[in-house]
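# Observations on chain architecture
These are the residues of each chain, in order.
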Amino acid sequence: MPDYKVYYFNVKALGEPLRFLLSYGNLPFDDVRITREEWPALKPTMPMGQMPVLEVDGKKVHQSVAMSRYLANQVGLAGADDWENLMIDTVVDTVNDFRLKIAVVSYEPDDEIKEKKLVTLNNEVIPFYLEKLDDIARDNNGYLANSKLSWADIYFTAILDYLNYMTKSDLVANHPYLQRVVDNVTSIESIRSWIDKRPKTETMPMGQMPVLEVDGKRVHQSLAMCRYVAKQINLAGDNPLEALQIDAIVDTINDFRLKIAIVAYEPDDMVKEKKMVTLNNEVIPFYLTKLNVIAKENNGHLVLGKPTWADVYFAGILDYLNYLTKTNLLENFPNLQEVVQKVLDNENVKAYIAKRPITEV
């Protein structure tokens, strides 16, 4: 029997179809769950630097659908002939298209754009796909292809928690035939056994990170967390007016980050190319010129002429902004360079940088 390992984070998402299929076939496997801290060091050892990854007798492969198809063949859940395999593939690819359309909206970094996209997603995209898939399940007697259990059913059921997580809903609640698909899969003894014993997966407030945990209490929202920590270390201003002035600068930096991120994560290459022109010729110069003048007026700080968490926030996020823009943003902005250097010269910051894990960004 081959030696199987599944490498993924401690989440269900794209790794769960592999775990379901291996469990269905009673194939022993090492469920290797990588922590966020371990991932940077492990990433270069993975094909294409991504997970999930399936290892078979020491050979690592990626691409979740391709891996699922392979395992389906090992456990007898592929089609009986080429036509049946085509029917299964069309459904799995449709489910994967559905996942991608949800993910594009779920991971949209700009709240205003996300809100607009959610209207189309909830009113058009989700109803369309669920109605079509429910009809397919009805026509196939509670299965998604060939009127019998196949890896299409396993794939859909295993990934459903992830789809529900992204949409913050129970997608099959009003689609009885899709619910039958899920029930057919989860009633299988080997699948049921896996569900009962699988590790509890990561849970975060609002399903997002970063998260700050203080005495066992978890909170989200990066700016709110930074503001809280800044108060603990006396970088948040001496009075409400100073706190307001700091917030104004931090919010400006965050606006800048969002404008860059919208372009960097634009999925359509043609649209992205057009947006890049405006970003590089107008948005980036505008923000950096304004911030550079502010730094000059504040003697190498971003506000109040003294160290505040605005300086630390800007210095801390700069590598990410450079990564998104594939540039050295401060190359021609000496006053902003001074802001960053003053932060980096802090002995405690130096110590952290020296010991922090090596990451892509």
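Heads up: these notes are all about the structure in this document. Per-chain numbering applies: the sequence of each chain, read as written, is numbered from 1 onward. Per-residue local features of the predicted model are confined to residues with pLDDT of at least 70, and side-chain atom pairs are confined, for both listing and counting, to 80 or more; whole-chain, interface and lining totals are unaffected and use all residues. Think of the side-chain values as coming from all heavy atoms in the structure, minus any hydrogens and water.

Its 25 residues place the ends of helix H4 (residues 82-106) 35 Å apart at the C-alpha level, agreeing with the 36 Å of an ideal helix rising 1.5 Å per residue. Buried, partly exposed and exposed residues are distinguished by accessible area as a fraction of the type maximum, computed with a 1.4 Å probe on protein chains only: under 20%, between the cut-offs, and over 50%, respectively. Numbering of helices and strands starts at the N terminus; helices are DSSP runs of H or I of at least 4 residues and strands are runs of E of at least 2. Of all the positions in H4, only Glu 84, Ile 88, Val 91, Val 92, Val 95, Asn 96, Phe 98, Arg 99, Ile 102, Ala 103, Val 105 and Ser 106 are classed as buried. When checking whether two residues touch, look at their non-hydrogen atoms; a contact exists if any pair is within 4.5 Å. For H4, the elements touching its buried residues are helix H3 (64-74), helix H5 (111-139) and helix H6 (151-167). N-cap assignment for H4: the residue whose side-chain oxygen lies 3.1 Å from the backbone N of Trp 83 is Asp 81. An expected span of 1.5 Å times one less than the residue number is assigned to each helix. Definition of a polar contact: a pair of N or O atoms within 3.5 Å, with one able to donate and the other able to accept a hydrogen when the atoms are protein atoms, and with sequence-neighbouring residues admitted only if both atoms are side-chain atoms.

Now for the side chain of Ser 23. Inspection of the secondary structure puts Ser 23 in helix H1 (residues 16-24). Residue classification places Ser 23 among the buried residues on the basis of a relative accessible area of 10%. When neighbours within four sequence positions are excluded, Ser 23 is seen to be in contact with Phe 29, Ser 190 and Trp 194.

What follows concerns the packing of helix H11 (residues 269-297) against helix H13 (residues 334-344). One can describe the packing of H11 onto H13 by two numbers: an axis separation of 7 Å at closest approach and a directional angle of 65°. For the element pair H11 and H13, the recorded crossing hand is left-handed. Within the contact between the two elements, H11 uses Leu 288, Leu 291, Asn 292, Ala 295 and Lys 296 and H13 uses Pro 334, Asn 335, Leu 336 and Val 339. Class assignment for the residues of the contact of H11 with H13 results in 6 nonpolar, 2 polar and 1 charged. Axis geometry follows a simple rule: fit a line to the C-alpha atoms, using only the stretch in contact for helices, then measure angles between N-to-C directions, giving values from 0 to 180 degrees. Working rule for handedness: look at the near helix, and if it is turned counterclockwise from the far one by less than a right angle, call the crossing left-handed; if clockwise, right-handed. Any residue outside Ala, Val, Leu, Ile, Met, Phe, Trp, Tyr, Cys, Pro, Asp, Glu, Lys and Arg is labelled polar, Gly included; the first ten of those are nonpolar and the last four are charged.

Another aspect to go through is the packing of aromatic side chains. The pairing test for Phe, Tyr and Trp rings, Trp by its six-membered ring, is centres within 6.5 Å, and the orientation test on the planes gives stacked under 30 degrees, edge-to-face over 60, and tilted for anything in between. Taken as a whole and judged by the stated rule, the model has 9 aromatic pairs. Centroid distance Trp 151 to Tyr 155: 6.5 Å. Interplanar angle 85°. Geometry classified as edge-to-face. Of this pair, Trp 151 and Tyr 155 are both found in helix H6, 4 residues apart, which corresponds to roughly one turn of the helix. Between Trp 309 and Tyr 313, the aromatic rings sit 6.4 Å apart at their centres with planes inclined by 80°, giving edge-to-face as the arrangement. One end of the pair is Trp 309 and the other is Tyr 313, both in helix H12 (residues 309-325) and 4 residues apart, which spans about a single turn. A residue is classified by how much of its surface remains accessible, and Tyr 313, at 9% relative accessible area, is buried.

What follows covers the environment of Lys 275. Here Lys 275 shows up in helix H11. Sequence separation of Lys 275 and Gly 25 is 250 residues, and the distance between their C-alpha atoms is 49 Å. Lys 275 has contacts with Ile 262, Val 263 and Glu 266, leaving out every residue within four places of it along the chain. One polar contact links Lys 275 to Glu 266, side chain to side chain, over a distance of 3.0 Å.

Any empty space left between atoms is shown by rolling a water-sized probe over those atoms. With a 1 Å grid laid over protein atoms only, a set of points is called a cavity when a 1.4 Å probe fits there but cannot get out and a pocket when it is open yet has protein on both sides within 12 Å along at least five of seven lines; lining residues have an atom within 4 Å of a point. Grid points are joined across faces, edges and corners, and a volume is the space filled by probe spheres set on the points. Looking at the second largest pocket, its volume works out to about 230 Å³. Secondary-structure elements contributing two or more residues to the lining of the second largest pocket are H12, H13 and helix H14 (347-355). Looking at which element gives the most residues to the lining of the second largest pocket, the answer is H13, with 3 residues. Residues belonging to the lining of the second largest pocket are distributed by class as follows: 7 nonpolar, 4 polar and 2 charged.

What follows covers helix H9 (residues 222-232). Listed in full, the buried residues belonging to H9 are Leu 223, Met 225 and Ala 230. In a view along the axis of H9, the buried residues occupy a sector of 160°, so they form one face of it. Where the residues of H9 are buried, they touch strand E5 (212-214), strand E6 (217-219), helix H10 (240-264) and H12. Remark: Asn 234 follows H9 within two positions and exhibits a positive phi of approximately 65°. Note that the arc is computed from the directions linking the helix axis to the C-beta atoms.

Our focus in this paragraph is the packing of H12 against H13. The N-to-C vectors of H12 and H13 enclose an angle of 95°; their axes lie 9 Å apart at closest approach. In this view, H12 runs roughly perpendicular relative to H13, as classed from their interaxial angle. Residues Asp 311, Val 312, Phe 314, Ala 315 and Leu 318 of H12 touch H13, and the partners they reach there are Leu 336, Val 339, Val 340 and Val 343. Here the contact of H12 with H13 is composed, by residue class, of 8 nonpolar, no polar and 1 charged. An angle counts as roughly parallel when it lies under 35 degrees, as roughly antiparallel when it exceeds 145, as roughly perpendicular when it falls between 65 and 115, and as oblique in every other case.

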